[in-house]
Amino acid sequence: MMPFSHLTENLNTLAKQNLYRSRRIIDSPQGIHLQLDGKSVINFCSNDYLGLANHPAVVQAFKDAADVYGVGSGSAHLICGHSTAHHALEEELAAFTGRERALLFSTGYMANVGVINALVGRGDAVFEDRLNHASLLDGGLSSGARFKRYAHADTAHLDKLLAAATGNKLVVTDGVFSMDGDYAPLPELAQIAAQHDAWLMVDDAHGLGVVGKHGGGLLAHYGLSQAEVPVLMGTLGKGFGTFGAFVAGSEVLIETLIQTARTYIYTTALPAAVAAATRASLHIVMTENWRRDKLSTLVARFRCGATHRGLQLMPSVSPIQPIVIGDSQRAVNFSKTMLDAGFWVSAIRPPTVAHGTARLRVTLSALHEESQVDGLLDALMQAGAASS
Ligand SMILES: *Cc1c(COP(=O)(O)O)cnc(C)c1O
């Protein structure tokens, strides 16, 4: 056998299983209309829920900061890459989330891997919801702590696992689940974690900006304090429309991360202009409630219209509205048919979701029109999604 000859075989296997992934090249800014292969399509697959990725004020803040700071940040935060713009954003994010401090990471993936590895290791235990985002699972698996998954949102199962554990215990969950759109039962999770002296970490990538008064996310929605949820992680590339991520919590948590989180220490800081753009987007998130109101209207319209048409929905009140198809090939075919009809809806397949639950992941944006939602539903019917 030639070394690495299995790579070609593996790729062929993926193709046979309809699990081969490929990228589409777009020629426009993010928004409701994307330019794809010389054609305009309506975007129902991005995580830019509030429509801020190409907002004029956010773009302008980015340009202005690029004039001041240039493009590259030059080094890691702990060397000479930490600017006034980064620092101001951290202070604003701490105030926004009601935590003592916040710390920027270059991506959400890195934040999750870094935090979990900084908090637990050999002799400890980490407990994760079965449907957690891959970055949380990777963080838990690489930490060296005993790694336990509990059934989705199953607090009784978690309770049992916690009772049997020793060492420091960290419970980790998505806030709004990224592929299903449902909310984690955070008040119950916080209570159970407290009963077992465990820390609760919530990844609110899809809740921040979208849920809660002024967009404070799922913790604001449930009114959970720093004492109840010691570790809050948020991403900036979704509801905020920019790029990067942050962790918010106590002084001790943040100093621990600065001193020991390897994905914080050994990487280049975000461009300062991205931090400046995010400050502008945070301002819009906090002040423009109409974006969240509009999303609620669109979610209700989508769910009502889908039910009328006999489409099978999942129990989600968030802008993530998956339509489970089951078979990967069928999901891909639906997605293609939808694209031909002018609607971009992505097919999500294993291993991102469980086997046999391939789905169209419809996401709504505050910038969609109700008529576009109706158009999407009609196109889904025509594609045959109701008969699945
Ligand atoms: C997108 C996402 C991440 C990763 O964030 P990036 O900034 O894109 O690396 C982490 N957790 C969840 C739940 C996500 O949806």
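Residues numbered from 1 in each chain as written. Predicted model: local features only at pLDDT ≥ 70, side-chain atom pairs only at ≥ 80, totals over all residues. Heavy atoms only, no water.

1. A word on the domain arrangement of the chain
One can read the domain layout of the chain as domain 1 (24–50 + 289–387) and domain 2 (56–287). Each of domain 1 and domain 2 has a C-alpha centre, and the two are 27 Å apart. Counting from both sides, the interface comprises 21 residues of domain 1 and, opposite them, 21 residues of domain 2. Between domain 1 and domain 2, a total of about 1,600 Å² is buried, with carbon and sulfur atoms accounting for 58% of that surface. Looking only at domain 1, the three residues that lose the most surface to domain 2 are Leu 50, Asn 289 and Arg 292, adding up to 30% of its buried area. For the pair domain 1 and domain 2, the number of links is 1 salt bridge. Put simply, Asp 180 and Arg 359 hold a salt bridge, and the shortest N to O gap is 3.1 Å. (Domains from an automatic or database assignment. Contact = heavy atoms within 4.5 Å. Buried area = accessible area lost by both parts, 1.4 Å probe. Salt bridge = Lys/Arg side-chain N within 4 Å of Asp/Glu carboxyl O.)

2. Some details on helix α12 (residues 272–287)
The first and last C-alpha atoms of α12 sit 23 Å apart over 16 residues, in line with the 22 Å expected at 1.5 Å per residue. Within α12, 12 of the 16 residues are buried, which leaves it mostly tucked inside the rest of the structure. Turning to α12, its buried residues number three or more, namely Ala 272, Ala 273, Val 274, Ala 275, Ala 276, Ala 277, Thr 278, Ala 280, Ser 281, Leu 282, Ile 284 and Val 285. The secondary structure elements touched by the buried residues of α12 are α2 (56–69), α4 (84–97) and α13 (289–308). (Helix = DSSP H or I, 4+ residues; strand = E, 2+ residues; numbered from the N terminus. Expected span 1.5 Å × (residues − 1). Buried < 20%, exposed > 50% of the residue type's maximum accessible area, 1.4 Å probe, protein only.)

3. Observations regarding the site of the ligand
Near the ligand you find 14 residues, and of these Gly 108, Tyr 109, Asp 203, His 206 and Lys 238 are the closest. In the environment of the ligand, an oxygen atom lies 2.9 Å from a nitrogen or oxygen atom belonging to the backbone of Tyr 109. Within the side chain of His 206, an N or O atom sits 2.5 Å from an oxygen atom of the ligand. Contact with the protein chains removes 82% of the 380 Å² of surface that the ligand exposes when unbound. With respect to the pocket detection grid, the ligand is positioned in the largest pocket. At 3 residues, the largest contribution of residues to the shell around the ligand is made by helix α5 (residues 108–119). Of the residues belonging to the shell around the ligand, the class tally is 2 nonpolar, 9 polar and 3 charged. (Near = heavy atom within 4 Å. Polar contact = N/O pair within 3.5 Å; in protein donor to acceptor, adjacent residues only side chain to side chain. Areas by Shrake-Rupley, 256 points an atom, 1.4 Å probe, with all protein chains shown as cover. 1 Å grid on protein atoms, 1.4 Å probe; cavity = no way out; pocket = protein on both sides within 12 Å on 5 of 7 lines; lining within 4 Å. Sits in = over half its atoms within 2 Å of the grid points. Nonpolar A, V, L, I, M, F, W, Y, C, P; charged D, E, K, R; others polar.)

4. Concerning the sheet that holds strand β13 (residues 358–363)
Pairing in this open sheet of 3 strands is antiparallel, and the strands run β10-β13-β12 from one edge to the other. Taken across any chain shown, the strands that pair with only one partner, and hence form the sheet edges, are β10 (320–326) and β12 (346–348). Neighbouring strand axes in the sheet, compared pairwise and without regard to direction, differ in orientation by 30 degrees on average. Here β10 pairs with β13 via 6 bridges, running antiparallel. Bridging from a neighbouring strand, Val 324 pairs with Arg 359 of β13. (Pairing = 2+ DSSP bridges. Axes fitted to C-alpha atoms, helices over the stretch in contact; angles between N-to-C directions.)

5. A short note on the side chain of Ser 143
Its place among the elements puts Ser 143 in the loop between α6 (134–142) and β5 (146–150). Polar side-chain contacts of Ser 143 include one of 2.8 Å to the backbone oxygen of Gly 140. With residues near it in sequence (within four places) discarded, Ser 143 still touches Ile 116, Asn 117, Val 120, Gly 121, Arg 122 and Val 126.

6. Things to note about the packing of aromatic side chains
Summed over all chains, the structure comprises 3 aromatic pairs. A ring pair is formed by Phe 96 and Phe 240, whose centres lie 6.1 Å apart and whose planes are at 80 degrees; its orientation type is edge-to-face. Placement of the pair is Phe 96 in helix α4 and Phe 240 in the loop between β8 (231–235) and β9 (245–249), with a sequence separation of 144 residues. According to the relative accessible area criterion, Phe 240 is buried, its value standing at 0%. (Phe/Tyr/Trp six-rings, centres within 6.5 Å; stacked < 30°, edge-to-face > 60°.)

7. Description of the layout of surface pockets
Gaps left between atoms show up when a probe the size of a water molecule is rolled over them. Size it by volume and the largest pocket reaches roughly 1,300 Å³. The wall of the largest pocket is formed by 50 residues, among which Ser 22, Arg 24, Cys 45, Trp 344 and Ser 346 lie closest to the centre. If you list the elements that add at least two residues to the lining of the largest pocket, you get β1 (33–36), β2 (39–43), α5, β8, α14 (328–340) and β12. If you tally residues by element for the lining of the largest pocket, the top one is α14, at 5 residues. Per-class residue counts for the lining of the largest pocket are 18 nonpolar, 20 polar and 12 charged. Estimated volume of the second largest pocket: approximately 600 Å³. (Points joined across faces, edges and corners; volume = space filled by probe spheres on them.)

8. Quick look at the nonpolar core
Core analysis: the largest hydrophobic core is formed by 85 residues, its most contacted members being Phe 44, Phe 127, Val 171, Phe 302, Leu 364, Leu 376 and Leu 380. The element that contributes the greatest number of residues to this core is α12, accounting for 9 residues. Shared between two domains, this core holds at least three residues of each, these being domain 1 (24–50 + 289–387) and domain 2 (56–287). Beyond its immediate chain neighbours, meaning those up to four positions away, Leu 376 contacts Phe 44, Phe 302, Met 338, Phe 343, Val 345 and Val 362. (Core = buried A, V, L, I, M, F, W, Y, C linked by side-chain atoms within 4.5 Å.)

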